[in-house]
Amino acid sequence: MTVLVRLPDALRLRGYGGVMSPSPLIGRGELVDVLFRAVGASATESTFAVLTGPPGIGASSILRQLERTVGTEVQRTVVRRIGAVPWETQVPFALVRQFVPDIDIEGAEPVDWGNRVADALPPDCVTVLLIDDAHDCDADSLRALASAVRHHRYGKLAVVCTRKPLPEGSIESHRVLDRAADLSLAVPALTVAAVAEIAALQGVILSPSSAAHLARHTGGRPRYVLALLNEVPGETWKGVRPELPAPAFVAAEVRTTLGLCTDEARHLITAVAVLECGRPLTTVCQVAGIEDPWPAVDLAEELALVNVRRSSAATILEPPDPTVRAAVLSTMSRVERAQLHRAAAAAEADPADQLAHLVEASPLPDPLVSDRLDTLAASRASRGEWATAAGLYLLSSRSTQEPAEREDRLVRAVDALIGAGDMRTASDYIAEIESFRETPTRNAVLGYLAILRGRPNEAEARLTRAWQLVRTRHDPEVAAVICHRQVLHNLARCDGANLVRWADRAVELVGADHATAVEAQSIRGLGLAGTGLVAEALSSYRDLWGHASTGAVGQRVQMGAGWLHFATDRIDLARSELEAAAPTDFLGGSTRISLWAHGWLARTYFVTGEWDAALRLVGAGSDLADRSGAALILPLLQWTATQIHALRGDWEAAAASAHRGNSGARDYAIMRVPTALGRAAIAEARADYAGVLRALAPLTEQWAHADVSEPGFWAWPDVYANALIVESRLDEADEFLTPHEARVRDRGHRSAHARLACARGRLHGAIGDLDSARASFEDALASLAPLPLTYDRARVNYAYGQTLRRAGKRREADAVVSAAREGYLALGADTYVRRCDRELKAGGVHAVLKNRAHDALTPQEDAVSSLVATGMTNREVAAELFLSVKTVQFHLTRVYAKMGIRSRAELAAARATDETSAT
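Throughout this document, residue positions are counted from 1 along each chain, in the order its sequence is written. For this predicted model, a pLDDT threshold of at least 70 governs which residues receive local features, and a threshold of 80 or more governs which side-chain atom pairs are given and counted, while totals over whole chains, interfaces and linings are taken from all residues. By convention in this description, side-chain values take in all heavy atoms of the structure and omit both hydrogens and water.

Caption draft 1: View of a negative patch on the surface. Residues enter patches when their relative accessible area tops 30% and they take part in no salt bridge; the joining distance is 9 Å for like charges and 5 Å for the nonpolar side chains Val, Leu, Ile, Met, Phe, Trp and Tyr. In this description, accessible areas are obtained by the Shrake-Rupley approach with a 1.4 Å probe, and a residue is regarded as covered only by the protein chains that are shown. The salt bridge definition used is simple: a Lys or Arg side-chain nitrogen within 4 Å of an Asp or Glu carboxyl oxygen. For this count, His and the chain ends are skipped, Lys and Arg are scored as positive, and Asp and Glu as negative. By convention, the charge on Lys lies at NZ, on Arg at CZ, on Asp at CG and on Glu at CD. Judged by side-chain charge, Asp263, Glu264, Glu291 and Asp292 come together as a negatively charged surface patch. Working definition: helices are DSSP H or I runs of at least four residues, strands are E runs of at least two. Numbering for both runs from the N terminus. Position of Asp263 relative to the elements: it lies in helix α12 (residues 263-275). Judged by its relative accessible area of 62%, Asp263 is exposed. Only protein chains enter the accessibility calculation, which uses a 1.4 Å probe; a residue whose area is less than 20% of its type maximum is buried, one above 50% is exposed, and one in between is partly exposed.

Caption draft 2: The arrangement of the pairing of strand β7 (residues 307-310) in detail. Two strands make a pair as long as DSSP finds a minimum of two bridges between them. Bridge count between β7 and strand β8 (residues 315-318): four bridges; the pairing is antiparallel. Paired with Arg310 across the two strands is Thr315, which belongs to β8. Hairpin geometry of β7 and β8 is characterised by an intervening segment of four residues between the two adjacent antiparallel strands.

Caption draft 3: Quick look at unusual backbone geometry. Positive phi values are uncommon outside glycine, yet Phe93 reaches one of about 65°. With respect to the helices and strands, Phe93 occurs in the loop between β2 (77-83) and α4 (94-99).

Caption draft 4: Here's a closer look at the packing of aromatic side chains. Under the pairing criterion, centres of Phe, Tyr and Trp rings, with the six-membered ring standing for Trp, must be within 6.5 Å; the plane angle then separates stacked pairs below 30 degrees from edge-to-face pairs above 60, leaving the rest tilted. Scanning the entire structure with this criterion turns up 18 aromatic pairs. Both rings, one in Phe566 and one in Trp600, keep their centres 5.7 Å apart while their planes meet at 45°; by these two values the pair is tilted. Here Trp600 lies in helix α31 (residues 591-607) and Phe566 lies in helix α29 (residues 551-567), a separation of 34 residues in the sequence. The structure contains a cluster of three or more aromatic residues connected by ring pairs, namely Trp563, Phe566, Trp596, Trp600, Trp639 and Trp714. A positively charged side chain is recorded as over a ring if its NZ (Lys) or CZ (Arg) lies within 6 Å of the ring centre. The angle to the ring normal must also be within 35 degrees. Taking the ring centre of Phe249 as reference, the NZ or CZ of Arg223 above it sits at 3.7 Å.

Caption draft 5: Quick peek at the pattern of salt bridges. Going through the model one piece at a time under the given rule, you end up with 51 salt bridges. Of the charged contacts, one joins Arg412 and Asp408 as a salt bridge, the two residues approaching to 3.1 Å between their closest N and O atoms. Pair noted here: Arg412 and Asp408 are both in helix α20 (residues 403-420), with a separation of four residues, about one helical turn. Residue Arg412 is classed as partly exposed on the basis of its relative accessible area, which comes to 31%. Across the salt bridge formed by Glu458 and Arg462, the nearest N and O atoms sit 3.7 Å from each other. Here Arg462 and Glu458 lie together in helix α24 (residues 456-469), a separation of four residues that amounts to about one turn. Glu458 sits in the partly exposed class, given a relative accessible area of 29%.

Caption draft 6: Focus on the packing of helix α39 (residues 750-766) against helix α41 (residues 790-806). Only the stretch in contact is used when fitting a helix axis, every axis being a line fitted to C-alpha atoms; angles between N-to-C directions are given from 0 to 180 degrees. Packing of α39 against α41 brings their axes to within 10 Å, and their N-to-C directions diverge by 10°. One element, α39, and the other, α41, form an angle in the roughly parallel class. Along its contact with α39, which presents Arg755, Cys758, Gly761, Arg762, Gly765 and Ala766, the element α41 presents Asp792, Val796, Tyr798, Ala799, Gln802, Thr803 and Arg806. Considered class by class, the residues forming the contact of α39 with α41 number five nonpolar, four polar and four charged. Here is the rule for angles: anything less than 35 degrees is roughly parallel, anything more than 145 is roughly antiparallel, 65 through 115 is roughly perpendicular, and the remaining ranges are oblique. Working rule for contacts: check all heavy atoms of both residues, and any pair within 4.5 Å makes them a contact. As a working rule, the residues Ala, Val, Leu, Ile, Met, Phe, Trp, Tyr, Cys and Pro are called nonpolar, Asp, Glu, Lys and Arg charged, and the rest polar, with Gly in that last group.

Caption draft 7: Up close: the sheet that holds β2. In space, the five strands of this open sheet follow the order β2-β3-β4-β1-β5, with parallel pairing throughout. Taken across any chain shown, the strands that pair with only one partner, and hence form the sheet edges, are β2 and β5 (183-186). The average undirected angle you get between the axes of adjacent strands in this sheet is 15°. With seven bridges connecting them, β2 and strand β3 (residues 126-132) associate as parallel partners.

Caption draft 8: Spotlight on the environment of Pro351. Position of Pro351 among the secondary structure elements: in helix α17 (residues 351-361). Sequence separation between Pro351 and Arg372 is 21 residues, and the spatial gap between their C-alpha atoms is 9.6 Å. Those residues in contact with Pro351 that sit more than four places away from it in its chain are Leu376 and Arg380.

Caption draft 9: Spatial organisation of the side chain of Ser396. You can see Ser396 is positioned in helix α19 (residues 386-398). Any pair of N or O atoms that falls within 3.5 Å is considered a polar contact. Within protein, one atom must be able to donate a hydrogen and the other to accept it, and sequence-neighbouring residues count only if both atoms are side-chain atoms. Within the local environment of Ser396, its side chain forms a polar contact with the backbone oxygen of Ser370, the two atoms lying 3.0 Å apart. Leaving out residues up to four positions away in the same chain, Ser396 has contacts with Ser370, Leu373, Asp374 and Arg409.

Caption draft 10: Molecular detail of the sheet that holds β7. The strand order across the open sheet formed by three strands is β6-β8-β7, and the pairing between neighbours is antiparallel. The open sheet is flanked by β6 (279-280) and β7, the only strands paired with a single partner.

Encoded structure:
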């Protein structure tokens, strides 16, 4: 059976161990490590691995690196690297005979093919067979090798193949490889960071946006990246989004292939290249001047110069990738391109596309077209279609001759880029914009960029200066834009009061129906909720749907409403709204808004127990944040991943997520809070409650007393109170809980009440008031009953069971902890499943005694001794089992006496001996 795995999971697949051999291939280290470990594991179990990637992705280089690594790092291994060629695809056993030239396999039954191959393997060593371009292999050889692996699992054989992706089932070798693979890995495109690293090694320093542009243009394929870095003049990389050519080898292949085309096919291919993005067949035919397109379409598709896909409305034609498009364009004269652009302007329906083609068709700036572009850009911006607006403003600026007007349009283009979430490209214009004369708009744009890059002090200075410069009576629209940026600035500062003030000011300046005011109001509800005005906040979103329920502005409203509904326990509604806001396929939808939706939708999935979905969303959101440069939102995304990994006991992944979502004391509050919560999640999962208090200490400071402590947004007060209780700081816990409980009562927030009631139950139990503890825990469970908060329910049951067990109510505790265990087990929270098992063992209700030295111990003593034997301190054991340190010491003294030992080292040795003998 084929096992499809992500690389982090693959590193743990089948218990692969041993030393990881670092790979010199940039961006490919994890992939080489997975294959290296698979090969190492074949010493005990044969394996068949398939590596799939498009041409130029570097699969052959990975295979060569694996050959070098295995050859130098693994002893008693025979490594053979062989390749397949297309002309031997139909020759039976052509590939196997490269490996074993004199094998007698023809005429044998298929079931014996694998036996013949296995018999030919060298004895007493691992055989590693590396097959390049396995899609060109003859199917019989692949079947023989697959049978050798399947029927000789202890034959010490590792087969590692590379292949190019083809349509499923298109050729027989692909079908065989799909069935044979134990491990199937896709070679991913190089990340932007990897592309930048490769460029640096070639002596080319790329800006983040240039690296991203090169990665997009080449599809992240190393061969293509290296070719362009070597072929393109160094000055090219200093521009913003330069027009990149095709690598020379692609250009040569395309030129040759075009020579095989009919005239109509060539006209169709060049029309598709000029149109650039996928366009309906009718539009392509109009531009190409073709009446009967199917022969040309079939030939162009067969030659891989055009992709054809079918939507519900039309047949869509598009270039296979940017390098093929660039190669096609390079075969055309300037006159031919201009003619096709003029034809495209006449054929396109969207005015934005029409104007873009007119600009490309004109050799000189056209003031009339520039003005039309500017007007249209303003119109699209007013509808929240920031990506489209950015492109139009850039074209308008490029074709404007008057310097002041050109600067103004470029500033607006950068503003639109930020609105669309493309901070990397926007950042490349900073130096140029800073050289312009100082205007309110210029400062507002630079402040806007500082917000999304997570730089609060710079944003404050830029926006303050913008407000000082603007004349609100003469230029209310620019003033309203500055107000909107202040809204975003205060959202990131978690300052709801100022957020609302600036949003209201924007409305006063331009009216409630103005696009800028609508955007400000889409965030205003979050500010109201942050100040405790929840009912008014919910009402504000209901009112907003009358202004913007669809399109790009609708995306903003969906996101804001979903965020608020999550914070107010309307989980199902939040899910639907955030799922609607997360995609960027709104008309001009914003990456920035999508990222916020990703972050809060991941939290929604977390609390409802859909952890795998949450991790997938975090991965997609984090990649999007990296590509766009939106540092502001990364901590929110990584908090969810950190918490899930910690609860599952994957400490390495938890630490990596926490590091990726790290922030500092000078960062925005909306970055600092999830960073603190992620650190606290790791500490709590490790039963390091002193660490929990250290991680959350910043949230007890004055800056966090308002919005950050408002119920629903950030679930931290119960975690902090619980840590105080476990650390026996009971008076502090009571003092801390009281104001938070009062605020929750005032807000009527159900889940926050449940969490604090759980902490209060812990506190009652710690001071010996079991009746009050029961009442608090039952109150917490009743509050959670109508809510789909799977994780919170398990958490309350666990604390409840611990409290009952500590009070000596072991049978009651057993039932409650068992419920907690079921909840944690369903979530995959292995850390707490193991804790529940220890609780149940300590309770002793289902204890089964065996003939071992420590079987004379009580269940509580057994639980204490088992943890001490792992190296935990008395304090750590106390935190783990919710006991006092004195109680742990008491049990440990009795354990020493019963087992006849005198030290922790002797205890560890005795437990190890007993466990070994028991197995």
